[in-house]
Amino acid sequence: MKILLVEDDRKIGQFVKKGLEEVSYAAVWVKTAQEAREAVSQNQFDVIILDIGLPDGNGLQLLTDWREKKMATQVLILSARHEVDDKIAGLNLGADDYLTKPFSFGELLARLRSLVRRHAGQKKTVLEHRGIRLDLLTREVSFDHVPVQLTQREFALLELFLHHPSRVLTRTQIAEKIWDCHFDMETNLVDVYVAKLRGKLRRDHEPEPLIQSVRGVGYKLV
Amino acid sequence: MIPLRTSHIAFYAVIVTLTFTIAVGIGFWFIRAEMLEGNDFLLDAESEEILARVATLTAPLDVAKLEVALKEHIQNDEALFYFQIHSADGAIIFDSPNLGAKRLPDLTGGADKRTLSLPELGLMRVAEYHTPTLHLQIAMSLRNFESVNEVFTRVFWLGIPIIACLSIAFGLVLQSLTLRPIRLMQATARRITANNLNERIPVPPRAGEMTALAKLLNEMMDRLEKSFTQVKRFTADTSHELMTPLSVIRLHTEQLLNDPGLPPQHRHSVEEQLQETIYLTETLERLLTLAKADSSVLPLKLKSSLTSDYISQFAEDAKLLAESRGLKLVVAQNGSGTAVFDHGWIRQVLFNLLSNAMRHSPPGGIITCHSQCAEGRWTVEVWDEGPGVPPEQLAAIFERFVQLTPRSEPGTGAGLGLAICKSIIELHKGVISARLRTDRSGLIVQFILPLDAA
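None of the values given here were measured: they were computed from a predicted structure. (Residues numbered from 1 in each chain as written. Chains lettered and ligands numbered in written order. Predicted model: local features only at pLDDT ≥ 70, side-chain atom pairs only at ≥ 80, totals over all residues. Heavy atoms only, no water.)

**A short note on the overall build of chain A**
The helix and strand tally for chain A stands at 8 helices and 14 strands. Each of the 222 residues in chain A was classed as buried or not, and the buried ones make up 52%. Partitioning the contacts of chain A with sequence separation of at least 6, the portion at a separation of at least 24 is 58%. By element, 47% of the accessible surface of chain A is carried by carbon and sulfur atoms, the whole surface being about 10400 Å². (Helix = DSSP H or I, 4+ residues; strand = E, 2+ residues; numbered from the N terminus. Buried < 20%, exposed > 50% of the residue type's maximum accessible area, 1.4 Å probe, protein only. Contact = heavy atoms within 4.5 Å. Areas by Shrake-Rupley, 256 points an atom, 1.4 Å probe, with all protein chains shown as cover.)

**Structural notes on the pattern of salt bridges**
The tally for this structure, following the rule as stated, stands at 22 salt bridges over all chains. In this structure, the salt-bridge partner of R133(A) is E128(A), at a minimum N-O distance of 3.8 Å. For R133(A), a relative accessible area of 36% puts it in the partly exposed group. A salt bridge links D439(B) to R437(B); the shortest N-O distance between them is 3.1 Å. Given a relative accessible area of 53%, D439(B) falls into the exposed group. (Salt bridge = Lys/Arg side-chain N within 4 Å of Asp/Glu carboxyl O.)

**Comments concerning the confidence of the model for chain B**
Confidence in the prediction of chain B, expressed as mean pLDDT, is 84, and 94% of residues score 70 or more. In the predicted assembly, ipTM is 0.70 and pTM is 0.62. (pLDDT = per-residue confidence, 0-100.)

**Describing helix α3 (residues 143-191) of chain B**
For α3(B), with 49 residues, the first-to-last C-alpha span of 70 Å sits near the 72 Å given by 1.5 Å per residue. At L179(B), α3(B) shows its largest bend, some 45°, and a proline, P181(B), comes one to four positions later. (Expected span 1.5 Å × (residues − 1). Bend = angle between axes of the 7 residues up to and from the residue.)

**Structural notes on the side chain of E128(B)**
All names here are of chain B. You can see E128 is positioned in strand β4 (residues 122-130). Within the buried set, E128 has no salt-bridge partner at all; the shortest N-O distance to an opposite charge, 8.5 Å, is to R114. For E128, the side chain forms a polar contact with the side chain of H130, separated by 3.2 Å. Discounting residues that sit within four places of it in the chain, E128 has contacts with D106, L107, D112, L136 and Q137. (Lys, Arg positive; Asp, Glu negative; His and termini not counted. Polar contact = N/O pair within 3.5 Å; in protein donor to acceptor, adjacent residues only side chain to side chain.)

**Some points on the packing of helix α6 (residues 152-163) of chain A against helix α7 (residues 171-179) of chain A**
All names here are of chain A. Interaxial distance between α6 and α7 falls to 10 Å at its minimum, and their mutual angle equals 125°. Considered as vectors, α6 and α7 are oriented oblique to each other. Taken as a pair, α6 and α7 cross one another with a handedness that is right-handed. In this structure, α6 uses R153, A156, L157, L160 and F161 to contact α7, whose residues at the interface are I174, K177, I178 and W179. Partitioning the contact of α6 with α7 into residue classes produces 7 nonpolar, no polar and 2 charged. (Axes fitted to C-alpha atoms, helices over the stretch in contact; angles between N-to-C directions. Parallel < 35°, antiparallel > 145°, perpendicular 65-115°, else oblique. Left-handed = near helix turned anticlockwise from the far one by under 90°. Nonpolar A, V, L, I, M, F, W, Y, C, P; charged D, E, K, R; others polar.)

**A word on helix α7 (residues 343-360) of chain B**
Residues and elements named next belong to chain B. In this model, α7 (18 residues) spans 26 Å end to end at C-alpha, consistent with the 26 Å of a helix rising 1.5 Å per residue. For α7, the buried fraction is high: 15 of the 18 residues fall into the buried class. The residue sitting at the N-terminus of α7 and contributing the capping side-chain oxygen is D342; that oxygen lies 2.9 Å from the backbone nitrogen of G344.

**Concerning the nonpolar core**
The nonpolar side chains of a soluble globular protein tend to be buried, and buried together. Ranked by internal contacts, the top residues of the largest apolar core, which has 77 residues, are L158(A), F161(A), I174(A), I346(B), L354(B), W378(B) and F447(B). It is α7(B) that contributes the most residues to this core, 9 residues altogether. With sequence-adjacent residues up to four places away left out, I174(A) is seen in contact with L157(A), L160(A), F161(A), L169(A), W179(A), V190(A) and Y219(A). Counting residues in each nonpolar core, the second largest holds 22 residues, with I12(A), Y25(A), A27(A) and W29(A) among its members. (Core = buried A, V, L, I, M, F, W, Y, C linked by side-chain atoms within 4.5 Å.)

**Section: the sheet that holds strand β13 (residues 211-214) of chain A**
Residue and element names in this part refer to chain A. Strands sit in the order β12-β14-β13 across an open sheet of 3 strands; the sheet is antiparallel. Strand pairing shows two members of the sheet lacking a second neighbour, β12 (168-170) and β13, which therefore form its edges. When strand polarity is set aside, the average angle formed by the axes of neighbouring strands in this sheet is 35°. As paired strands, β13 and strand β14 (residues 218-221) are joined by 4 bridges and run antiparallel to one another. Bridging across to β14, S213 finds its partner in Y219. Contacting β12 and β14, α7 crosses the sheet at an angle of about 70° to β12. Together, β13 and β14 form the strand contacts of helix α8 (residues 189-200), whose direction differs from that of β13 by roughly 150°. (Pairing = 2+ DSSP bridges.)

**Overview of a nonpolar patch on the surface**
Residue and element names in this part refer to chain B. Taken together, the side chains of Y12, L158, I162, L166, F170 and L174 make up a nonpolar region of the molecular surface, amounting to roughly 580 Å² of accessible area. Here L174 is to be found in helix α3. The exposure class assigned to L174 is partly exposed, which follows from its relative accessible area of 48%. (Patch = residues over 30% accessible without salt bridge, like charges linked within 9 Å, V, L, I, M, F, W, Y side chains within 5 Å.)

**A look at the interface of chain A and chain B**
Opposite the 38 residues of chain A that make contact, chain B presents 41 residues. Between chain A and chain B, roughly 3600 Å² of surface is buried when both sides are summed, and carbon and sulfur atoms account for 54% of that area. Notably, a salt bridge pairs R153(A) with D317(B), separated by 2.9 Å at the nearest N-O pair. Joining chain A to chain B, the criterion identifies 3 residue pairs in polar contact (both at pLDDT 80 or more). When contributions to the side of chain A that touches chain B are tallied by element, the ones reaching two or more residues are α1 (10-22), α6 and α8 of chain A. A breakdown of the residues in the side of chain A that touches chain B according to their chemical character gives 14 nonpolar, 8 polar and 16 charged. (Buried area = accessible area lost by both parts, 1.4 Å probe.)

**Some details on unusual backbone geometry**
Residues and elements named next belong to chain A. Residue P102 follows K101 across a cis peptide bond; omega there is -5°. Phi is positive for S24, which is not a glycine, with a value near 65°. You can see S24 is positioned in the loop between α1 and β2 (26-30). The phi angle at K70 is positive, at roughly 60°, despite the residue not being glycine.

**Concerning the sheet that holds strand β1 (residues 81-87) of chain B**
All names here are of chain B. Sheet architecture is open: 5 strands sit in the order β2-β1-β5-β4-β3, paired in antiparallel fashion. Where the open sheet ends on each side, the last strands, each with one partner, are β2 (92-95) and β3 (113-118). Taken pair by pair, the neighbouring strands of this sheet meet at an average axis angle of 25°, ignoring direction. As defined by bridge partners, β1 adjoins β2 across 3 bridges and the pair is classed as antiparallel.

Here's what the structure looks like:
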């Protein structure tokens, strides 16, 4: 996977570039909007990590220009929350995801992976994974051919996991998707719902739950 | 209340109609006076001629001579005048044939000209002239007066409604012209919010006070925009300048924690460092949110929805959360209504109140969430069974950095949670308050939002 990192802060840039290369991603790091324009015109990237506050212009302007030119590359915006009026502003301009500073590297990695995944994924109406079967049209869920009753939130949560099997989903990612919440809710609501869902998708002979915790980051469906 | 428009136009129409009435009245009076004067002049001229013809006659008057002297002249002027001559002792000695059997009345009381309404003759101007030998009476019909009268009356009664209608029509046109700048100002003022402060009221050219008013309002908007922009820039700059180094600290700390070679005696310190970084970030974000809320630059995504649906959805999550902490949540709803609010921010308030209540509840405690819609207000209360707060502190808990219990763990906030709740509720034009339970120990936090009147 080839990633363009547009970040003017030297320390963050260095850290992220190194981190990405450690997990075998090819990362190109540029520090200005001008360099970013040049890099995009010369190369094909899978994902662009875009900081908003750049020394020679606004990252959002860059994004607007790219989207006007019908560039389809996935863009993840990286910025401090109050730098833009609303993170929705970024998403409205055509960003695919948004991560606020300060972020954890695990979170960034998880989001990059689900971005690429989302990009490649096709629209299916029935999602299946290791005995779990979820029908998006009839909204029926079965586990090892036994129907399972899920609340609306549990259904949405399971659907999210099934869209990203074997990928780590961070707590904030889940909160954003299920509760449309862009602020910490000061609660462990995500953990509580994951625990409920685990309880309903348990096999007696399997000690390991299907939805596993990833320490300090979030959860993944294995 | 009668709108300014209507009352102004009515006033205008009344004034115009009244002016018309007075003008017609004065005109009528002048024309009448003018006609009378003309008549009197004719009467005087006529009398002079007649008196000249009879001046040679002496008392006692010879009626036959009188008739001879006047016959020709009277025949000529009969169409216009009526004549009647008395002798010095008052007996009628001559009258013009056009009078027939009718008589002109004596003008007693000194006046020598009078307007009289006579039987059979109609309205007449009668004049009397005295010489030592005779009294001459000449009368003129005022029939032409009556026709003038009639014309005026017709003009008057037809004119009033026409003038009233016309003045209302002109008033409307005039007013819409005058009020146009004001309507433009209203429309612009209504459009301007914290998010499009760069809009300005169009300044009408050559409109005197209106131009001055529009300029004044625009100057006020300039000052407002400047201070709003300052807050926005401040929060953006602070965010950027502080969050970037915080990112670096966090990235490195996490990297350290992922390093299996980290000596166990240092692991605890590094974990502590990470927790504090997260805590610092949260506090900073809340402060910036407060700064934006205070100056109304926090964008609200207002949506209209049924309070019962919203509370039920919240209750589903809240019950699970309470259960996970070994607490019980009771949700009671009294009535439902439509309210316009930002779902995300109000949920933030609800979860904040819930997490406070959970933190202060004794094990197995019951938290009650009560939603009520009545008299145009949506009241939501969260009751806990905790120790409550000292009564004198009830108002203080909504202030910034006020924390009545020591900070036990990162993530419990720096005493900004309720301050943010207060800002959010006030941005929604609502009120938030706290009181103590009277049935047992515990705190009740209540917020009231206006319901949508429509």
